[in-house]
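# Residue-level structural notes
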Amino acid sequence: MEGAKQEIPMIEKWLNQHRELYTAATRHPFTLSIRDGSVDLSAFKRWLGQDYIFVRAFVPFVASLLLKSWKESDDDSDIEVILGGVAALNDEISWFKREASKWNVLLSSIVPQKANLEYCRFLESLMSPEVEYTVAVTAFWAIEVV
Ligand SMILES: Cc1ncc(CO)c(N)n1
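What comes next concerns the included structure. (Residues numbered from 1 in each chain as written. Predicted model: local features only at pLDDT ≥ 70, side-chain atom pairs only at ≥ 80, totals over all residues. Heavy atoms only, no water.)

## Thoughts on the site of the ligand
Surveying the vicinity of the ligand reveals the residues D51, F54, V55, L89, E92 and E144. D51 places a polar side-chain atom, nitrogen or oxygen, 2.6 Å from a nitrogen atom of the ligand. Note that a nitrogen atom of the ligand is positioned 2.9 Å from one of the side-chain N or O atoms of E144. For the ligand, whose free accessible area comes to 280 Å², the fraction covered by protein is 70%. Applying the majority rule of atoms within 2 Å of the grid points places the ligand in the largest pocket. (Near = heavy atom within 4 Å. Polar contact = N/O pair within 3.5 Å; in protein donor to acceptor, adjacent residues only side chain to side chain. Areas by Shrake-Rupley, 256 points an atom, 1.4 Å probe, with all protein chains shown as cover. 1 Å grid on protein atoms, 1.4 Å probe; cavity = no way out; pocket = protein on both sides within 12 Å on 5 of 7 lines; lining within 4 Å. Sits in = over half its atoms within 2 Å of the grid points.)

## A look at the side chain of T26
Position of T26 among the secondary structure elements: in helix α2 (residues 19–26). Given the relative accessible area of 17%, T26 is considered buried. At 2.7 Å, the side chain of T26 and the backbone oxygen of Y22 are in polar contact. Sequence-distant contacts of T26, defined by excluding residues within four places in its chain, comprise T31 and V146. (Helix = DSSP H or I, 4+ residues; strand = E, 2+ residues; numbered from the N terminus. Buried < 20%, exposed > 50% of the residue type's maximum accessible area, 1.4 Å probe, protein only. Contact = heavy atoms within 4.5 Å.)

## Re the pattern of salt bridges
Overall, the coordinates contain two salt bridges when judged by the stated rule. Residue K102 pairs with E99 through a salt bridge whose shortest N-O separation is 3.2 Å. Of the two residues, K102 and E99 are both situated in helix α5 (residues 77–102); the distance of three residues between them amounts to about one turn of the helix. The partner of K114 in a salt bridge is E118, with the nearest N and O atoms 2.9 Å apart. Taken together, the positions of K114 and E118, both in helix α6 (residues 114–126) and four residues apart, correspond to about one turn of that helix. (Salt bridge = Lys/Arg side-chain N within 4 Å of Asp/Glu carboxyl O.)

Pasting the structure below:
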């Protein structure tokens, strides 16, 4: 009888390989302060404006992924998952606008911070037709899992 393979699943392997980064991102003091309600209002407003810029840039990235999934995916259900992501982004943008108005954040005049600008540029680079669907969808997964 063949020995049962004891392969570590890919996602588990990646999480193990990047455990410190993953914990730093998902247990960040800002995130924890949101969870327990102690968040500093000016930090929240700064996040709101910066994340709004990110989400605006994320929409065309997800749209490009939708197109790639239609062309390159071998699994029909992928397109529906990504379409669900687009729908969620629509609701998310409405939420950002509501929150911004509630907290007097002027979304039209937010200046992106350097890290955010670089992140948006990275997203844009993933939109290139040269970038394969498998690469782009893995980035999508990583962005959403963290
Ligand atoms: C869907 C989505 N992914 C990631 C982020 C980053 O915070 C966000 N605001 N929305």
